[in-house]
Amino acid sequence: MEDLFNSLLNLFRLSLLIVVSTLLWLAFPFAFKDFELSWPSSPNAPEVTAFVTVPSGLEEGAGKNLVEKHCLSCHSAQLIIQNRMDADTWRYTIHWMQQTQGLWDLGKDEARIVEYLGTYYAPLPESRRKNLDIENIQWYILQDDTTDL
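Bear in mind that the values here come from a model prediction, so they are computed numbers and not experimental data.

Peer 1: So what exactly am I meant to see when it comes to the environment of Pro123 here?
Peer 2: Within the element layout of this structure, Pro123 appears in the segment after helix 5 (109-120). In the structure, Pro123 is positioned 38 residues away from Met85 in sequence and 5.2 Å away in space, judged by C-alpha atoms. Ignoring anything within four residues of it in the chain, the contact list for Pro123 reads Arg84, Met85 and Asp86.

And the structure:
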């Protein structure tokens, strides 16, 4: 019972500390202007100055930065990478997203985005597996082997 009481007392103290700190920060924001959180880093970690850039996985080329700016703000790069379309179909897809998904007007960037996508994510000449030739399939009948059980 004493352990429960001590746990509740510690929880109350922590909650009180958070509330008082928040109230002080709200009442006197100028007192915290130089306050900075810092996390210990490993000796091999690169220095981060402003932003951390996560590699998108998109092909390097003219227009990649525009695709990352406009497209990756709503969906992952994998949605682009897994789709292969010609430039006209990419343009149609962009217009569809504008009409149905809330994509903003890309303005002069649209042509460069479509050029990038049509160049680096055009249809492949052959996929990983050819379509089945259902006209020339030799079918066989499965035997019922459950009679021996």
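Peer 1: Just to check I follow, could you spell out the packing of aromatic side chains for this structure?
Peer 2: Describing an aromatic ring pair means giving the distance of the ring centres and the angle of the ring planes. This model, assessed by the stated rule, comprises 2 aromatic pairs. Judged by centre distance (4.9 Å) and plane angle (40°), the rings of Tyr116 and Tyr120 are tilted. Of the two residues, Tyr116 and Tyr120 both sit in helix 5, 4 residues apart, roughly one turn of that helix. For Tyr116, a relative accessible area of 1% puts it in the buried group. Taking the relative accessible area as the measure of exposure, Tyr120 reaches 29% and is therefore partly exposed.

Peer 1: For this particular structure, what's the right way to read a nonpolar patch on the surface?
Peer 2: On the surface, Phe12, Leu16, Val20, Leu24 and Phe28 cluster together to form a nonpolar patch covering roughly 460 Å² of accessible area. Tracing the backbone shows Val20 in helix 1 (residues 2-27). On the accessibility criterion, Val20 (40% relative accessible area) is partly exposed.

Peer 1: Where do I start with the nonpolar core in this structure?
Peer 2: Proteins that are soluble and globular tend to have nonpolar side chains buried together. Within the largest apolar cluster, 17 residues are counted, with the highest numbers of intra-cluster contacts made by Leu58, Val67, Ile80, Ile94, Ile113, Leu117 and Tyr121. For this core, the secondary-structure elements that each account for two or more residues are helix 2 (64-70), helix 3 (77-81), helix 4 (87-100) and helix 5. The contact partners of Leu117, leaving out residues within four places of it in the chain, are Val67, Ile80, Met85, Trp90 and Ala122.

Peer 1: Would you explain the pattern of salt bridges in this entry?
Peer 2: Oppositely charged side chains may form a pair once their charged atoms are brought near each other. Evaluated as defined, the whole model comprises 3 salt bridges. One salt bridge in this structure joins Glu68 and Lys64, with 3.7 Å as the shortest N-O distance. Note that Glu68 and Lys64 are positioned in helix 2 at a spacing of 4 residues, about one turn of the helix. Classification of Glu68 by relative accessible area gives partly exposed; the value is 29%.

Rules behind the numbers
Residues numbered from 1 in each chain as written. Predicted model: local features only at pLDDT ≥ 70, side-chain atom pairs only at ≥ 80, totals over all residues. Heavy atoms only, no water. Helix = DSSP H or I, 4+ residues; strand = E, 2+ residues; numbered from the N terminus. Contact = heavy atoms within 4.5 Å. Phe/Tyr/Trp six-rings, centres within 6.5 Å; stacked < 30°, edge-to-face > 60°. Buried < 20%, exposed > 50% of the residue type's maximum accessible area, 1.4 Å probe, protein only. Patch = residues over 30% accessible without salt bridge, like charges linked within 9 Å, V, L, I, M, F, W, Y side chains within 5 Å. Areas by Shrake-Rupley, 256 points an atom, 1.4 Å probe, with all protein chains shown as cover. Salt bridge = Lys/Arg side-chain N within 4 Å of Asp/Glu carboxyl O. Core = buried A, V, L, I, M, F, W, Y, C linked by side-chain atoms within 4.5 Å.

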